[in-house]
Amino acid sequence: MVVGELSEPFNVARGLRQGDPISPFLFAIAMEYLSRQLNELKEDRLYQFHPKCAKLGITHLSFADDLLLFAKGNLSSINALYKCFRQFSEASGLQANLVKRKNSISQICAVWNSSILGSVIPYSCKGSENCRCLLQKLCMDKLWIRWIHAYYDKGKPLMETSIPAQASWITRKILEAKKQLHLIPATKTTRSLKHSIYHQVLPEMRPATWKCLMFKNDSRLKEIFIMWLQLQGRLATTDRLVRWGLTMDTTCTLCQTQLETREHLFVECEFAKAIWMKM
């Protein structure tokens with residue numbers, strides 16, 4: 001019975017239809033078996049770590065259906081990896097796609113700096129004390145945190161850690177953030193931590209007089225954006241276009257008498273005045 005109608009008999013086989021909701025769960029279960037096999041290589045004497053993976057004990061990284069394998073480029077390590085794949089294939093019936101495989105002997109540093117360290121793990125903390133030891137206390141099981149501790153701070157306190165010039169942009173920014181720890185409020189406030197730090201970084205300034213026109217405005221987004229351009233003096237009126245070097249008629253298209261400026265268009269123009277009076 002298919003979609004309420006009788007169909008021709010068919011043989012039952014392994015596999016799922018494309019788009020089946022259970023497919024990713026079954027895939028995750030199968031890859032967990034392979035992942036555990038690869039982790040057991042740490043105890044195999046024939047397997048040797050990649051020079052950049054030895055400190056962290058990394059044999060592989062997987063994301064969705066992509067798998068990165070790391071090992072020293074010798075025959076014994078490659079054979080150990082191949083043995084894991086052969087056992088996995090015998091148990092699951094899955095085979096590696098030899099067409100799509102790609103061997104890389106390039107340095108792993110570039111991969112880590114751009115891919116792994118470039119993904120910032122969201123972290124929120126409450127209270128001043130937790131924030132002041134941000135890098136020391138952050139989820140030590142996270143790979144990028146372990147990488148920073150192994151290759152950058154090397155057990156030193158955060159304030160004594162130097163910022164290496166060869167580190168990735170995001171790593172340098174994380175380490176430079178130690179200079180802003182004094183902005184963390186010592187006592188709890190009704191504002192969020194990010195809100196409190198943001199207001200301390202901002203210079204002293206007066207509240208905008210047009211705040212009530214922009215916030216809690218139920219107009220369409222297009223009208224709100226035009227209002228913001230008008231308040232900031234960025235509206236493309238003809239007097240501004242002429243200053244940019246464009247040649248055009250600068251007369252107001254509504255009253256056909258005065259120069260089109262933002263003050264005239266919204267306040268001084270007789271047409272605008274008539275609309276304001278009706279409102």
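Residues numbered from 1 in each chain as written. Predicted model: local features only at pLDDT ≥ 70, side-chain atom pairs only at ≥ 80, totals over all residues. Heavy atoms only, no water.

(A) Focus on unusual backbone geometry. Phi is positive for glutamine 256, which is not a glycine, with a value near 60 degrees. If you trace the backbone, glutamine 256 turns up in the loop between helix H11 (238-243) and helix H12 (262-268). Among the residues examined, glutamine 256 registers a relative accessible area of 52% and is labelled exposed. (Helix = DSSP H or I, 4+ residues; strand = E, 2+ residues; numbered from the N terminus. Buried < 20%, exposed > 50% of the residue type's maximum accessible area, 1.4 Å probe, protein only.)

(B) Geometry of helix H7 (residues 169-176). Restricting attention to buried positions, one finds in H7 the residues Ile170, Thr171, Ile174 and Leu175. Across the axial projection of H7, the buried residues extend over an arc of 135 degrees, all falling on one side. (Arc of directions from axis to C-beta.)

(C) Structural view of the packing of helix H1 (residues 23-39) against helix H2 (residues 75-92). Interaxial distance between H1 and H2 falls to 10 Å at its minimum, and their mutual angle equals 150 degrees. Regarding the angle of H1 to H2, the classification is roughly antiparallel. For the pair H1 and H2, the crossing hand works out as right-handed. Judged by residue contacts, Ala30, Tyr33, Leu34, Gln37 and Leu38 of H1 engage Leu81, Cys84, Phe85, Gln87, Phe88 and Ala91 from H2. Taken together, the residues of the contact of H1 with H2 break down into 9 nonpolar, 2 polar and no charged. (Axes fitted to C-alpha atoms, helices over the stretch in contact; angles between N-to-C directions. Parallel < 35°, antiparallel > 145°, perpendicular 65-115°, else oblique. Left-handed = near helix turned anticlockwise from the far one by under 90°. Contact = heavy atoms within 4.5 Å. Nonpolar A, V, L, I, M, F, W, Y, C, P; charged D, E, K, R; others polar.)

(D) Spatial organisation of a nonpolar patch on the surface. Together, Leu16, Ile22, Phe25, Leu26 and Ile29 give the surface a local cluster of nonpolar side chains, amounting to about 510 Å² of exposed area. Within the fold, leucine 26 resides in helix H1. On the basis of relative accessible area, leucine 26 is assigned to the partly exposed category, the value being 43%. (Patch = residues over 30% accessible without salt bridge, like charges linked within 9 Å, V, L, I, M, F, W, Y side chains within 5 Å. Areas by Shrake-Rupley, 256 points an atom, 1.4 Å probe, with all protein chains shown as cover. Salt bridge = Lys/Arg side-chain N within 4 Å of Asp/Glu carboxyl O.)

(E) Molecular detail of helix H6 (residues 143-153). With 9 of its 11 residues buried, H6 lies for the most part within the structure. Every buried residue of H6 is listed here: Leu143, Trp144, Ile145, Trp147, Ile148, His149, Tyr151, Tyr152 and Asp153. Just past H6, the residue lysine 154 takes up positive phi, approximately 50 degrees.

(F) The environment of leucine 158, seen in detail. Within the fold, leucine 158 resides in the loop between H6 and H7. Distance in space between the C-alpha atoms of leucine 158 and leucine 175 is 7.9 Å, their sequence separation being 17 residues.

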